[in-house]
Amino acid sequence: MEKRSTALVIKSTGSWYALRDVRSGRPLAGRIRGSLRLRGSRSTNPVVVGDRVEYETTDDGTAAIVGVCPRSNYIIRRSPNLSKESHIIAANVDQAFLVVSLYRPATNNEFIDRFLVTAEAYRVPATLVLNKCDLYVTDELREIRASFLHAYSLAGYEVLETSAERGDGVEALKARLTGKVSLLSGNSGVGKSSLIRAVDPSLDVRTGEVSASSRRGKHTTTFSEMYPLEEGGYLIDTPGIKGFGLIDIADDEACRYFPDLLRHASGCAYYNCTHTHEPSCAVKEAVAQGLIAPSRYESYLKLLEDDKKYRK
């Protein structure tokens, strides 16, 4: 029997993986052994960045990945092309940061909320990073910013305001990244790659532009990759994500992953209240009183609606 070693998955390019041996730190190129691929079940990617894997060295010096060590957590979404399949973005992270923008391009509230729901469901502490704060200079944009900050303050989430261009908030973000394994995610064009370069200029991360016609970002990161930070810790950069479909979250569990809704749910008249049509619903009353942002409640309703569509 060949001796097995353990490695950290640093980068995934689909069929090949960049690994780092846990003991020696030696970099390796690895591929999944066929039998492991078959055990991938509903996931389109059985091995992901952040995984610790067992491998055997092959005759040509590459690594054959033969097992995946148990994960402490992960961020997962519904595969964009296969509704019954899942795609894991990264595993074994200490925290996740979702980089969003309110202008050029504007990040959809529903996308934000679905990312946060997944983080809650899989035990990943999440923080929002409101980037491009130097652009919010008109009265309309300042009002949009204030509404955004109010909604997520009510929900209990921390929002860091940053500008990769001006350097605002960069030190505060860097302090939170030091010594931890952190995931940075977001739509294309929100300035994620520029922000990473501002946090650690030594990192070789490509930056892109926003399309003038669509106001949407152009993809610059092709594959997820884990970068060591100069002051300690690791940063996982992910490709720009267009949509975020949820998976394996039942209707009767959805509310528990909205902290602001869950806070009021115990006051409902019915223990199995879905917070949609029932009388004496404390959640709906909290929305009416301004204690829950309407956008958050709308995201919850849309989540239930989409889940029914996928179950058909």
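Rules used throughout
- Residues numbered from 1 in each chain as written.
- Predicted model: local features only at pLDDT ≥ 70, side-chain atom pairs only at ≥ 80, totals over all residues.
- Heavy atoms only, no water.
- UniProt positions renumbered as here; feature names shortened; annotations may be inferred.
- Helix = DSSP H or I, 4+ residues; strand = E, 2+ residues; numbered from the N terminus.
- Buried < 20%, exposed > 50% of the residue type's maximum accessible area, 1.4 Å probe, protein only.
- Contact = heavy atoms within 4.5 Å.
- Areas by Shrake-Rupley, 256 points an atom, 1.4 Å probe, with all protein chains shown as cover.
- Arc of directions from axis to C-beta.
- Core = buried A, V, L, I, M, F, W, Y, C linked by side-chain atoms within 4.5 Å.
- Polar contact = N/O pair within 3.5 Å; in protein donor to acceptor, adjacent residues only side chain to side chain.
- Pairing = 2+ DSSP bridges.
- Expected span 1.5 Å × (residues − 1).
- Phe/Tyr/Trp six-rings, centres within 6.5 Å; stacked < 30°, edge-to-face > 60°.
- Lys NZ or Arg CZ within 6 Å of the ring centre and 35° of its normal.

Where an unreviewed UniProt entry is consulted, the protein appears under the name Small ribosomal subunit biogenesis GTPase RsgA, with the organism given as Alistipes ihumii AP11. UniProt lists a comment for the protein under the heading Subunit (unreviewed entry), and it reads "Monomer. Associates with 30S ribosomal subunit, binds 16S rRNA." Of the comments in the UniProt record for the protein, the one headed Subcellular location (unreviewed entry) reads "Cytoplasm".

Caption draft 1: Focus on the overall build of the protein. A tally of helices and strands in the protein yields nine helices and 13 strands. Going through the 312 residues of the protein one by one, you find that 50% of them count as buried. A fraction of 66% describes how many contacts in the protein between residues 6 or more apart in sequence connect residues 24 or more apart. Counting only carbon and sulfur atoms, one obtains 48% of the accessible surface of the protein, whose full area is about 15,600 Å².

Caption draft 2: Structural context of helix H4 (residues 170–177). Of the residues making up H4, those classed as buried are Val-170, Leu-173, Lys-174 and Leu-177. Along the axis of H4, the buried residues cluster in a sector spanning 100 degrees; they form a single face. Those residues of H4 that are exposed and angled more than 90 degrees off the buried face are Glu-171 and Ala-175. Next to the buried residues of H4 lie strand S8 (95–100), strand S9 (126–130), strand S10 (159–161), strand S11 (181–185), helix H5 (192–199) and strand S13 (234–237). Looking one or two places after H4, you find Gly-179, whose phi comes out positive at around 80 degrees.

Caption draft 3: Representation of the nonpolar core within the structure. Grouped together as the largest cluster of nonpolar side chains are 64 residues, with contacts concentrated most on Phe-148, Tyr-152 and Leu-183. Sort the elements by how many residues they give to this core and helix H2 (residues 109–121) lands first, with seven residues. Listed in part, the 17 residues of the second largest apolar core include Leu-177, Leu-184, Leu-203 and Leu-235.

Caption draft 4: Expanded view of the side chain of Glu-56. Tracing the backbone shows Glu-56 in strand S4 (residues 52–57). Given the relative accessible area of 6%, Glu-56 is considered buried. A polar side-chain atom of Glu-56 sits 2.8 Å from a polar atom in the side chain of Arg-33.

Caption draft 5: A look at the UniProt feature "binding site: Zn(2+)" (unreviewed entry) in the protein. The UniProt feature table records "binding site: Zn(2+)" (unreviewed entry) at Cys-268, Cys-273, His-275 and Cys-281. Structurally, the position occupied by His-275 is in the loop between helix H7 (259–265) and helix H8 (282–288). Accessibility expressed as a relative area gives 4% for His-275, which makes it buried. Setting aside its immediate chain neighbours within four residues, Cys-281 contacts Cys-268, Cys-273 and His-275.

Caption draft 6: View of the pairing of S11. By the criterion of burial, S11 is predominantly enclosed, with five of the five residues buried. As defined by bridge partners, S11 adjoins S13 across four bridges and the pair is classed as parallel. Each bridged residue has a counterpart across the sheet, and for Leu-183 the counterpart in S13 is Ile-236.

Caption draft 7: Spatial organisation of helix H3 (residues 139–155). A rise of 1.5 Å per residue sets the reference length of H3, with its 17 residues, at 24 Å; its end C-alpha atoms lie 25 Å apart and thus fit the reference within 8%. Listed as buried for H3 are Leu-141, Phe-148, Ala-151, Tyr-152 and Ala-155. The buried residues of H3 occupy an angular sector of 90 degrees when the element is viewed end-on, so they sit on one face. Among the exposed residues of H3, those pointing more than 90 degrees away from its buried face are Asp-139, Glu-143 and Ser-153. Just past H3, the residue Gly-156 takes up positive phi, approximately 95 degrees.

Caption draft 8: Structural detail: the packing of aromatic side chains. Taken as a whole and judged by the stated rule, the model has four aromatic pairs. Ring geometry for Tyr-74 against Tyr-122: centres 4.9 Å apart, planes inclined by 35 degrees, an arrangement best described as tilted. Here Tyr-122 lies in the loop between H2 and S9 and Tyr-74 lies in strand S6 (residues 74–78), a separation of 48 residues in the sequence. The class for Tyr-122 is buried, based on a relative accessible area of 14%. Considering the side-chain rings of Phe-258 and Tyr-300, the 5.7 Å spacing of their centres and the 85 degrees angle between planes classify their relative orientation as edge-to-face. Of the two residues, Phe-258 is situated in the loop between helix H6 (251–254) and H7 and Tyr-300 in helix H9 (residues 294–311); the sequence distance between them amounts to 42 residues. This pair shows no difference in class: Phe-258 is buried, exactly as Tyr-300 is. An aromatic cluster is defined as three or more aromatic residues linked by ring pairs; in this entry it consists of Phe-258, Tyr-297 and Tyr-300. Directly above the ring of Tyr-74 sits Arg-71, whose terminal nitrogen or CZ lies 5.9 Å from the centroid.

Caption draft 9: Examining the environment of Val-190 more closely. Mapped onto the fold, Val-190 is located in the loop between S11 and H5. In this structure Val-190 comes out as buried when scored by relative accessible area, which is 0%. Once the C-alpha coordinates of Val-190 and Val-99 are considered, the two residues, 91 residues apart in sequence, prove to be 6.7 Å apart. Those residues in contact with Val-190 that sit more than four places away from it in its chain are Val-99, Val-100, Ser-101, Pro-105, Thr-107, Asn-131 and Lys-132.

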